[in-house]
Amino acid sequence: MDDDALLAEQLAYYRAGAAQYDRPYAEREELRELLAAVDGLPVAGDVLELACGTGQWTPRLAARARSVTAVDAAAEVLDLARARTASASRAVRFVQADLFAWRPPRRYDTVFFAFWLSHVPPARLPGFWDTVAAALAPGGKAIFVDDGPAAAEEEVLADQPAPAALRRLDDGSRYRIVKVFHDARTLTDDLTARGWSVRIRTVAGNYIGIAEPPTADSG
């Protein structure tokens, strides 16, 4: 696909910047507010966390789950996530995998992903939602958190294979990443058109979505 090089650069950014990954959580109050909001979400049973990063969300999921399987493509952030969850009250298993190629070997009661949907190129979004649906057990829910369209700090790039932004690391290196600023209404409409049931609310300028896939009866 045309976006392969962009996705490879995105992965390189997260690998190279693993040590800087947690900085926004220390600096931005709205991110801490979002983390706290997990306690009010219907996280339950066996949880699959996609793009877990350094595990900012993983311990909070583990506190509410029977088990957590956390997946990310970058070994460097997974190392930090393992350290962060070493004392988690529930079993946490980490998997290093490309989320565009990996397929869950089983089904889960909850599929959770934070600040990942905006990194999925539009051309791959239908396949991504199909993967999420296939990963959910009957009655299961997908829960997702992401930037609203007002994330003005991003340096948006034009003429890219997919919507993209430029990110810089402390060493001066620069990387392109996929960055799609989803509008909550449009995202709701798109998922509804695909047969999903979805509710999206705004929290601290970001959004939290809870969605259920089409049932077999609904086609």
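Provided above is the structure to which this section pertains.
Predicted model only: the values in this text are computed from it and were never measured. (Residues numbered from 1 in each chain as written. Predicted model: local features only at pLDDT ≥ 70, side-chain atom pairs only at ≥ 80, totals over all residues. Heavy atoms only, no water.)

## Things to note about the packing of aromatic side chains
Then comes step 1: Using the criterion set out here, one finds 14 aromatic pairs in the structure.
Then comes step 2: An angle of 85 degrees between the planes, with centres 5.2 Å apart, marks the rings of Phe113 and Phe128 as edge-to-face. Of this pair, Phe113 sits in strand S4 (residues 108-114) while Phe128 sits in helix H6 (residues 125-135); the two residues are 15 residues apart in sequence, bridging distant segments of the chain.
Then comes step 3: Taken together, the aromatic side chains of Phe113, Phe128, Trp129, Phe144, Trp196 and Tyr207 make up a single cluster linked through ring pairs.
Then comes step 4: The ring of Tyr108 carries the charged tip of Arg106 above its face, separated from the ring centre by 4.6 Å.
Then comes step 5: It is Arg124 that lies over the ring of Phe100; its NZ or CZ is 5.1 Å from the centre. (Phe/Tyr/Trp six-rings, centres within 6.5 Å; stacked < 30°, edge-to-face > 60°. Helix = DSSP H or I, 4+ residues; strand = E, 2+ residues; numbered from the N terminus. Lys NZ or Arg CZ within 6 Å of the ring centre and 35° of its normal.)

## Examining the pattern of salt bridges
Then comes step 1: Inspection of every chain in the model, using the stated rule, returns 17 salt bridges.
Then comes step 2: Between Arg124 and Asp3 there is a salt bridge, with the nearest N and O atoms lying 2.7 Å from each other. Note that Arg124 is positioned in the loop between S4 and H6 and Asp3 in the segment before helix H1 (4-16), a separation of 121 residues in sequence.
Then comes step 3: Residue class for Arg124 comes out buried when judged on its relative accessible area of 16%.
Then comes step 4: Owing to a relative accessible area of 5%, Asp3 belongs among the buried residues under this scheme. (Salt bridge = Lys/Arg side-chain N within 4 Å of Asp/Glu carboxyl O. Buried < 20%, exposed > 50% of the residue type's maximum accessible area, 1.4 Å probe, protein only.)

## Some remarks on the environment of Ala75
Then comes step 1: Structurally, the position occupied by Ala75 is in helix H5 (residues 75-84).
Then comes step 2: Along the backbone, Ala75 and Ala164 are 89 residues apart, and their C-alpha atoms lie at a distance of 23 Å.

## Observations concerning the side chain of Ser118
Then comes step 1: Within the secondary structure, Ser118 is located in the loop between S4 and H6.
Then comes step 2: In this view, Ser118 contacts Asp146, Asp147, Val178, Lys179, Val180 and His182; residues no more than four positions away in its chain are not counted. (Contact = heavy atoms within 4.5 Å.)

## Considering the side chain of Glu154
Then comes step 1: Considering the arrangement of structural elements, one finds Glu154 in the loop between strand S5 (136-147) and strand S6 (155-157).
Then comes step 2: Aside from chain neighbours lying at most four places away, what touches Glu154 is Ala165, Arg167, Lys179 and Phe181.

## Examining the sheet that holds strand S10 (residues 206-212)
Then comes step 1: Ordered in space as S3-S2-S1-S4-S5-S10-S9, the seven strands form an open sheet in which the pairing is mixed. Only two strands of the sheet have a single partner each, and these edge strands are strand S3 (91-96) and strand S9 (197-203). When strand polarity is set aside, the average angle formed by the axes of neighbouring strands in this sheet is 15 degrees.
Then comes step 2: Two strands pair when backbone bridges link them, and strand S2 (residues 67-72) and S3 are joined in this way by six bridges, in the parallel orientation. Residue pairing in the sheet places Val71 in a bridge with Val95 of S3.
Then comes step 3: In the packing of H5 onto the sheet, the strands contacted are S2 and S3, and the crossing angle to S3 comes to about 170 degrees.
Then comes step 4: Taken strand by strand, H6 contacts strand S1 (46-50), S4 and S5, and its axis lies near 135 degrees from that of S5. (Pairing = 2+ DSSP bridges. Axes fitted to C-alpha atoms, helices over the stretch in contact; angles between N-to-C directions.)

Scope: geometric values only; no functional claims are made or implied.
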